[in-house]
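Architecture at a glance
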Amino acid sequence: MTGGWLTFGSVAINAYEHGLISLPVSILAVACMFAGATGSTFLIERRCPR
């Protein structure tokens, strides 16, 4: 699951490097990716306690 989030973050950075999106959009995409990963981790911990 973490690999999927990292892939989306890498795509946003690569799109910026190739000039497909601007720097603010790239930063926003990576920030949303981290927020989604953090939120999903908390939800998984809540539903499947150890």
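What comes next is a walk through the structure. Along each chain, residues carry numbers from 1 onward, in the same order as the chain's sequence is written. In keeping with the predicted nature of the model, local features appear solely for residues at pLDDT of at least 70, side-chain atom pairs appear and are counted solely at 80 or more, and the whole-chain, interface and lining totals rest on all residues. With hydrogens and water excluded, all non-hydrogen atoms of the structure serve as input to the side-chain values.

1. So, the overall build of the protein chain
Quick note on the threshold: A helix here means a DSSP run of H or I that spans at least four residues, while a strand means a run of E at least two residues long, and both kinds are numbered starting from the N terminus. What the globule rule says is 2.2 Å times the number of residues to the power 0.38, and the radius of gyration is computed from C-alpha atoms. The cut-offs for exposure are 20% and 50% of the maximum accessible area for each residue type, with area from a 1.4 Å probe on protein chains only; residues under the lower value are buried, those over the upper are exposed, and the others partly exposed. The Shrake-Rupley method, run with a 1.4 Å probe, gives the accessible areas here. Residue values count only the displayed protein chains as cover.
A count of helices and strands for the protein chain gives 2 helices and 0 strands. Over its C-alpha trace the protein chain gives a radius of gyration of 13 Å, far above what one expects of a compact globule, namely 10 Å for 50 residues. Here the protein chain holds 50 residues, and the buried ones make up 16% of them. Surface accessibility of the protein chain: about 4100 Å² in total, with carbon and sulfur atoms responsible for 70%.

2. Points about a nonpolar patch on the surface
To be explicit about the condition: By definition, no residue in a patch forms a salt bridge, and every one has over 30% relative accessible area; like charges are joined within 9 Å, nonpolar side chains (Val, Leu, Ile, Met, Phe, Trp, Tyr) within 5 Å. Any carboxyl oxygen of Asp or Glu within 4 Å of a side-chain nitrogen of Lys or Arg constitutes a salt bridge here.
A grouping of Tyr 16, Leu 23 and Ile 27 is seen on the molecular surface, where their side chains present a nonpolar patch of about 280 Å² in accessible area. Note that Tyr 16 resides in helix H1 (residues 2-17).

3. What about the environment of Gly 4?
Among the secondary structure elements, Gly 4 is positioned in helix H1. Relative accessible area serves as the criterion here: at 35%, Gly 4 is assigned to the partly exposed category. Note: C-alpha distance between Gly 4 and Arg 46 (42 residues apart in sequence) is 21 Å.

4. Thoughts on the environment of Phe 34
Its location among the elements puts Phe 34 in helix H2 (residues 23-47). Phe 34 gets classed as partly exposed once you look at its relative accessible area, which sits at 49%. Sequence spacing of Phe 34 and His 18 is 16 residues, and the spatial spacing of their C-alpha atoms is 22 Å.

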